[in-house]
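Chain and residue survey
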Amino acid sequence: LYENVPGGSRWRYVWGSTLVMAFTTQVITGVFLWMAYSPSTQTAWESVYYIEHEMVGGWLLRGIHHFMASAMVILLAVHFLQVVWDGAYRAPRELNFIIGLILMLIVLGLALTGYLLPWDQKGYWATKVGTELSSQTPLVGTELKKLTVGGSDYGHHTLTRFFALHAGVLPGALVAFLVMHIALFRRHGLHAKDPARRPDEPFWPDQVLKDSVAALGVLAAVLGLTVYYGGAELTAPADPANPYNAARPEWYFLFLFQFLKWFPGELEVWGAIVIPSLIFLLLLAMPWIGKSRVGHYFNVAALVVLMGG
């Protein structure tokens, strides 16, 4: 609370704190959803229907969990943009930047695995579209898909595997990397873009107030969306024999869905694996590209183009 903030408190520093608040909200709502959820192909949809329509406040709980997942992806993008824009990825912060990218992948993994858990038509077919991408991986594609799905076809093992990842493995990994991320952040201190603009201040009380107002704003927006839409959507139970014509992943994976349209047939591997991998390698290399002023401007321009895309 009494660590120094170079150049004083600013609103641009709130995004990391809002992400921690969002994850905490997901853990709390997720635990209470877990108490009523039954991870089985015979009972998953019924248990989610019970949460949505019978359990007192269940629709609100599930709605907050659903919309906060999207909020986390948006906050990740804003936080990432702010870090690159301010040059906070430069030495000695390269390792923390890479850990941040790993955290981003874990959050996207949580989003992907959570989408299947209601075992409804929308989640089932969207996940099938998403996991088909893994089969495009050169050399190990078939085995990787089998490992992801839990066998040769989608069923009970797919659901239990995704539930174990969503409720156990990925949250545990996120906490572990988050501890490292915060520890390194505390060790290196806050990077100020223009520290001479204002005198230094301790973190308490001004920055704490800004972080709290921002976190409350995110929570209010999520709560507003939940009330407006009456909770999260639940479509008909999953039916492998009845394809869902509107099958598509959530909005934050739609770019991959679009890539598959641009690269059909034998070129699919480019849209599914090659181009996303090259983009991720570019993000990983940003701290070294951005050592010079020209490199930093290139990173900012590349990120603006990616965000625009």
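Refer to the structure above for everything that follows.
Below is a short write-up of the structure. Since this is a predicted model, take the numbers as computed values, not measurements. (Residues numbered from 1 in each chain as written. Predicted model: local features only at pLDDT ≥ 70, side-chain atom pairs only at ≥ 80, totals over all residues. Heavy atoms only, no water.)

Focus on the overall build of the protein chain
- Each helix and strand in the protein chain was counted, giving 11 helices and 2 strands.
- For the protein chain, the sequential pattern of α-helices and β-strands runs β-α-α-α-α-α-α-α-β-α-α-α-α.
- Its C-alpha atoms put the protein chain at 65 × 50 × 30 Å along the principal axes.
- By residue count, 43% of the 309 residues in the protein chain fall in the buried class.
- Counting contacts in the protein chain only where the partners sit at least 6 residues apart, residues at least 24 apart contribute 78% of the total.
- Entry remark: accessible area of the protein chain is about 16300 Å², with carbon and sulfur atoms responsible for 69%. (Helix = DSSP H or I, 4+ residues; strand = E, 2+ residues; numbered from the N terminus. Buried < 20%, exposed > 50% of the residue type's maximum accessible area, 1.4 Å probe, protein only. Contact = heavy atoms within 4.5 Å. Areas by Shrake-Rupley, 256 points an atom, 1.4 Å probe, with all protein chains shown as cover.)

What about the layout of surface pockets?
- Size it by volume and the largest pocket reaches roughly 1900 Å³.
- Lining the largest pocket we find 47 residues, and of these Leu 105, Leu 108, Phe 253, Phe 255 and Leu 256 sit closest to its centre.
- Counting only elements with at least two residues in the lining of the largest pocket, the list comes to helix H3 (58-85), helix H4 (94-116), helix H5 (121-132), helix H6 (141-149), helix H7 (156-188), helix H9 (254-262), helix H10 (268-289) and helix H11 (293-308).
- The biggest single contributor to the lining of the largest pocket is H9, with 8 residues.
- Counted as a void, the second largest pocket has a volume near 1200 Å³.
- Gly 16, Ser 17, His 79, His 181 and Phe 185 are the residues nearest the centre of the second largest pocket, which is lined by 40 residues in total.
- For the lining of the second largest pocket, the secondary structure elements donating two or more residues are strand E1 (4-5), helix H1 (15-34), H3, H4, H7 and helix H8 (206-229).
- Within the lining of the second largest pocket, the residues separate by chemical class into 23 nonpolar, 12 polar and 5 charged. (1 Å grid on protein atoms, 1.4 Å probe; cavity = no way out; pocket = protein on both sides within 12 Å on 5 of 7 lines; lining within 4 Å. Points joined across faces, edges and corners; volume = space filled by probe spheres on them. Nonpolar A, V, L, I, M, F, W, Y, C, P; charged D, E, K, R; others polar.)

As for the packing of aromatic side chains
- In the structure shown here, the tally under the stated rule is 15 aromatic pairs.
- Counting every residue linked through ring pairs, the aromatic cluster contains Trp 119, Tyr 124, Trp 125 and Tyr 154. (Phe/Tyr/Trp six-rings, centres within 6.5 Å; stacked < 30°, edge-to-face > 60°.)

Examining the nonpolar core
- Met 68, Phe 80, Val 84, Phe 97, Leu 174, Leu 283 and Met 286 are the most contacted members of the largest nonpolar core, which totals 35 residues.
- Of all the secondary-structure elements, those providing two or more residues to this core are H1, H3, H4, H7, H8, H10 and H11.
- When residues of this core are assigned to their parent elements, the largest contribution, 10 residues, is made by H3.
- Apart from residues no more than four positions distant in its own chain, Leu 174 is found in contact with Phe 23, Leu 103, Ile 106, Val 107 and Leu 110.
- Counting 15 residues, the second largest nonpolar core, distinct from the first, contains Tyr 37, Val 48, Leu 159 and Phe 163. (Core = buried A, V, L, I, M, F, W, Y, C linked by side-chain atoms within 4.5 Å.)

A short note on the pattern of salt bridges
- One pass over the structure, following the stated rule, counts 5 salt bridges.
- The salt bridge partner of Asp 86 is Arg 12, with a shortest N-O separation of 2.5 Å. Placement of Asp 86 in the loop between H3 and H4 and of Arg 12 in the loop between E1 and H1 is noted, with a sequence separation of 74 residues between them.
- Residue Arg 12 is classed as partly exposed on the basis of its relative accessible area of 30%.
- Glu 233 is paired through a salt bridge with Lys 122; the nearest N and O atoms lie 3.0 Å apart. (Salt bridge = Lys/Arg side-chain N within 4 Å of Asp/Glu carboxyl O.)

Observations concerning a nonpolar patch on the surface
- A cluster of nonpolar side chains, namely Val 27, Ile 28, Val 31, Phe 32 and Met 35, defines an oily patch on the protein surface of about 480 Å² accessible area.
- Summarising the element assignment, Val 31 is placed in helix H1.
- We classify Val 31 as partly exposed; its relative accessible area is 38%. (Patch = residues over 30% accessible without salt bridge, like charges linked within 9 Å, V, L, I, M, F, W, Y side chains within 5 Å.)

Thoughts on the environment of Lys 128
- For Lys 128, the location among the structural elements is in helix H5.
- We classify Lys 128 as partly exposed; its relative accessible area is 21%.
- Separated by 179 residues in the primary sequence, Lys 128 and Met 307 place their C-alpha atoms 26 Å from one another.

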